[in-house]
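# Summary of the model geometry
One letter stands for each residue in the lines below.
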Amino acid sequence: MDKKKRLKEKIKEYGKEDICVAFSGGVDSSLLLKLACDAALPNGKKVYAVTFDTKLHPACDLENAKKVVEEIGGIHEIIEIDELEQKEIQNNPINRCYLCKYHLFGKLREFADTKKIEIILDGTNEEDLYQYRPGIKALQELNIISPLKDAKMTKREVKEMAAEYGISVAFRPSTPCMATRLPYGEKLDYDILKRIEKGEEYLRDFIGGNIRLRIHKDIARIEVDSENFSEVLEKKEEIVKNLKKYGFFYICLDLEGFRSGSMDIDLKKKGY
């Protein structure tokens, strides 16, 4: 049985009951929501698309999630959470992702319990297993199901399948937790997170593609897709001027280009 068939068959089984989908509006959770809605409809079951409105994710994520639910279907629920209320997370520790996931999905589990729902799906895919993802342990502890991972679907395969269904965010660049823009151990506060969000929003509108604004004290390190290097250099004066408005002193272009998890390089050296 191929991966796509295996994935659809499994979610067809889940569709015999009401389902909660942890829904960010990204391609992984959007594909899950589509499959869950298709599976639940013949059985007259409900699918809740549950989005976390948090301090560590940009506001555009919430607006995008609302649009995608309107497009795909499901009952949209929003859970407001301030991760920085937890003092351990404020210090951006190495296990931050575990602490955040456990807190967020604990709240989702509480919501699901109010609806008497056992099945909670999240969009972890096969490739997440080969990166530093301590949050996966939290999902396992809370009995969250990751069908894409279980079907061994890679990110590319998820995007291709989403495109086959005509899902609008099939090739939308991901926007992971804003804490990943700062080194571990660097204090997280609302001010720096908002400035990073504004800076990335500007770059995303101005340059496009994958954008990360990694902050190292007074240095803002820009990661973009390598094919966009020439455009960044052509527009460097305007980019520097605008990013300095957000309080960044030194503006640098990372010549390795965009890469997911670039703040985890030192952890890999230490065997994490």
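The structure this text deals with has already been given above.
Residues numbered from 1 in each chain as written. Predicted model: local features only at pLDDT ≥ 70, side-chain atom pairs only at ≥ 80, totals over all residues. Heavy atoms only, no water.

### Considerations on the pairing of strand E2 (residues 47-54)
Note the cut-off: Residue exposure (1.4 Å probe, protein chains only): buried if accessible area is under 20% of the type maximum, exposed if over 50%, otherwise partly exposed. Each helix corresponds to a stretch of at least 4 residues labelled H or I by DSSP, and each strand to a stretch of at least 2 residues labelled E; elements are numbered beginning at the N terminus. By this definition, two strands are paired if DSSP reports at least two bridges between them. Look down the strands so they point away from you; if the path from the first strand over the helix to the second goes clockwise, the crossover is right-handed.
Counting buried positions along E2 yields seven of eight residues, so the element is predominantly enclosed. Bridging between strand E1 (residues 19-22) and E2 involves four bridges; their strand directions are parallel. Residue pairing in the sheet places Ala22 in a bridge with Val50 of E2. Running through helix H2 (residues 27-40), the crossover from E1 to the neighbouring parallel element E2 is right-handed. Looking at chain direction, E2 and strand E3 (residues 75-81) are connected through seven bridges and run parallel. Looking at the pairing, Val50 lines up with Glu77 of E3.

### Structural notes on unusual backbone geometry
Despite not being glycine, Asn143 shows a phi value in the positive range, around 60°. Summarising the element assignment, Asn143 is placed in the loop between helix H6 (135-141) and helix H7 (147-150). A positive phi is found at Lys217, a non-glycine position, where the angle reads about 55°. One can find Lys217 in the loop between strand E5 (211-216) and strand E6 (219-224).

### Observations regarding the sheet that holds strand E4 (residues 119-121)
Which entries qualify depends on this criterion: Each axis is a line fitted through C-alpha atoms, taken for helices only over the stretch in contact, and angles between the N-to-C directions span 0 to 180 degrees. Any two residues whose heavy atoms approach within 4.5 Å at even a single point are treated as in contact.
With respect to topology, four strands assemble into an open sheet ordered E3-E2-E1-E4, the strand pairing being parallel. Looking along the sheet, the strands with just one partner apiece sit at the ends: E3 and E4. Within this sheet the neighbouring strands show an average axis-to-axis angle of 25°, counted without direction. One ladder, built from three bridges, connects E1 with E4; its direction is parallel. Residue pairing for E4: Ile19 is matched across the bridge by Ile119. Packed onto the sheet, helix H3 (residues 59-72) meets E2 and E3 and runs at close to 165° relative to E3.

### Description of helix H8 (residues 155-164)
Residues lying three or four places apart along an α-helix face the same way, a consequence of the helix completing one turn every 3.6 residues. Keep this limit in mind: By construction, the arc corresponds to the directions joining the helix axis to the C-beta atoms.
Those residues of H8 that fall on the buried side of the exposure criterion are Glu157, Val158, Met161 and Ala162. Buried residues of H8 fall within an arc of 135° about the axis and therefore sit on the same side. On the buried face of H8, the contacting elements are helix H1 (3-14), H2 and H7.

### Focus on the nonpolar core
Selection criterion: The criterion is simple. A nonpolar core is a set of buried Ala, Val, Leu, Ile, Met, Phe, Trp, Tyr and Cys residues joined through side-chain atoms within 4.5 Å.
Ranked by internal contacts, the top residues of the largest apolar core, which has 33 residues, are Leu7, Ile11, Val21, Leu31, Leu33 and Leu121. Residue assignment for this core shows that the elements contributing at least two residues are H1, E1, H2, E2, H3, E4 and H8. Looking at this core element by element, the count peaks at nine residues for H2. Within the second largest apolar cluster, 29 residues are counted, among which are Leu203, Ile215, Ala220 and Phe229.

No statement about biological role is implied by the geometric values presented.
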